[in-house]
Amino acid sequence: MSLPPRAVIVHRATELSELIAHHGTRQQAGFFLAGRGRDLAELDARHQAQQEALATVSAAIPLDWRRTVAERNDLDRFVFGPEDVVIAVGQDGLVANVAKYLDSQPVIGINPEPGRNPGVLVPHEPAAITELLAVREIAERTMVAATTDDGQQLIALNEVYVGHRTHQSARYRLGSERQSSSGILIGTGTGSTGWCRSAWQERRSPLTLPGPIDPVLCWFVREAWPSPATGTDNTEGLLKAPDTLTITAESDLVVFGDGMESDTLTLTWGQRLEIGVAPIKLHQVV
């Protein structure tokens, strides 16, 4: 007998919750904010908006479904099952944070603050959740995969960063060119609205950025340094499946996806990294 679906509600602690946890009491948190020209009213409103969205989502889950809740900081330890339907309630980045831990489970993005969040990955209002759970139309977003020569793999929805742990100069070979830079960004069409777009705009790149379902990645080398030993000829491009980008470490490097620096791969001198379109896609409910 197959198990009934399980609704996994993913959220992130609000700024109000984090401040109170850090300062110990609500009064101390208010005192801290007052010293910086802010008060608790704004944080209260945002906290309440998220709580109301979470309550709306929870109330709409069918009674015969299983349910659980996962916070963003617990995602690298959470075990997702094949019957899960993931409901991300929060900012757009929350969908990217959870995507790397999934394997074709559908994701519904709920936006508790439409006036604040762009809604690229959380396009739905809380009130739409009942219909979304009943009829799930899926868009398959391309993801990026980074695989080391010893078999470790990291998958991301927006982008993968390869560089020095503290974002100082990283030394490596990109293909046949030896480089020293602030790191490399390799992103999807979804990521082309974020960090990769910033790099694209800053350098006024002529590249046409891919769309979210295109099997194409874009990549940018950040602040490549020209010297007698390092080059700057190969600093951006497009990568279409099944092609890959090969990076060989010439210093200790880290690889992380979608800003999750707590979940990384590490490369030591001489190790190779292959980056390309991931074999799986994010199944997002649209």
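A. Looking closely at the packing of aromatic side chains. Taken as a whole and assessed by the stated rule, the structure comprises 3 aromatic pairs. The interplanar angle of 35 degrees and the centroid separation of 5.1 Å between the aromatic rings of Tyr161 and Phe256 together place this pair among those described as tilted. A residue pair is termed long-range when its members are at least 10 positions apart, and Tyr161 in strand β7 (residues 159–163) and Phe256 in strand β14 (residues 253–257) qualify at 95 residues. The two residues Tyr161 and Phe256 agree in class, both being buried. Three or more aromatic residues joined by ring pairs make a cluster, and in this case those are Tyr161, Trp195 and Phe256.

B. Structural view of the sheet that holds β7. Strand order in the open sheet formed by 6 strands is β12-β11-β10-β7-β14-β15, with antiparallel pairing between adjacent strands. A strand with exactly one partner marks an edge of an open sheet, and here the two such strands are β12 (236–240) and β15 (264–267). For this sheet, the mean angle separating the axes of adjacent strands, direction not counted, is 20 degrees. Packing of helix α6 (residues 195–202) onto the sheet brings it into contact with β7, β10 (184–187), β11 (216–221) and β14, and relative to β10 it is tilted by some 115 degrees.

C. Structural view of the nonpolar core. Judged by nonpolar contacts, the single largest core of 25 residues is most densely connected at Val10, Phe80, Val95, Leu157 and Leu282. For this core, the element with the highest residue contribution is helix α4 (residues 92–99), accounting for 5 residues. Setting aside anything within four residues of it in sequence, one finds Val95 in contact with Ala88, Val107, Gly109, Leu121, Val122, Leu157 and Leu282. With 24 residues, the next largest nonpolar core counts Ala146, Ile186, Ala249 and Leu273 among its residues.

D. View of the packing of helix α1 (residues 15–23) against helix α2 (residues 26–34). It is at 8 Å that the axes of α1 and α2 come closest, and there the two elements cross at 105 degrees. One element, α1, and the other, α2, form an angle in the roughly perpendicular class. When α1 is examined against α2, the residues Leu16, Leu19, Ile20 and His23 are found in contact with a partner set consisting of Arg26, Gln28, Ala29, Phe32 and Leu33.

E. Inspection of helix α3 (residues 40–60) at higher detail. Here α3 spans 30 Å end to end across 21 residues, near enough to the 30 Å set by a 1.5 Å rise per residue. By the burial criterion, the buried members of α3 are Leu40, Leu43, Arg46, His47, Gln50, Ala53, Leu54, Val57 and Ala60. Those residues of α3 that are buried lie in contact with β1 (6–11), α1, α2, β3 (84–89), β4 (106–110) and α5 (129–134). Taking the backbone nitrogen of Ala41 as reference, a side-chain oxygen 2.9 Å away marks Asp39 as the first, capping residue of α3.

Definitions and limits used
Residues numbered from 1 in each chain as written. Predicted model: local features only at pLDDT ≥ 70, side-chain atom pairs only at ≥ 80, totals over all residues. Heavy atoms only, no water. Phe/Tyr/Trp six-rings, centres within 6.5 Å; stacked < 30°, edge-to-face > 60°. Helix = DSSP H or I, 4+ residues; strand = E, 2+ residues; numbered from the N terminus. Buried < 20%, exposed > 50% of the residue type's maximum accessible area, 1.4 Å probe, protein only. Pairing = 2+ DSSP bridges. Axes fitted to C-alpha atoms, helices over the stretch in contact; angles between N-to-C directions. Contact = heavy atoms within 4.5 Å. Core = buried A, V, L, I, M, F, W, Y, C linked by side-chain atoms within 4.5 Å. Parallel < 35°, antiparallel > 145°, perpendicular 65-115°, else oblique. Expected span 1.5 Å × (residues − 1). Polar contact = N/O pair within 3.5 Å; in protein donor to acceptor, adjacent residues only side chain to side chain.

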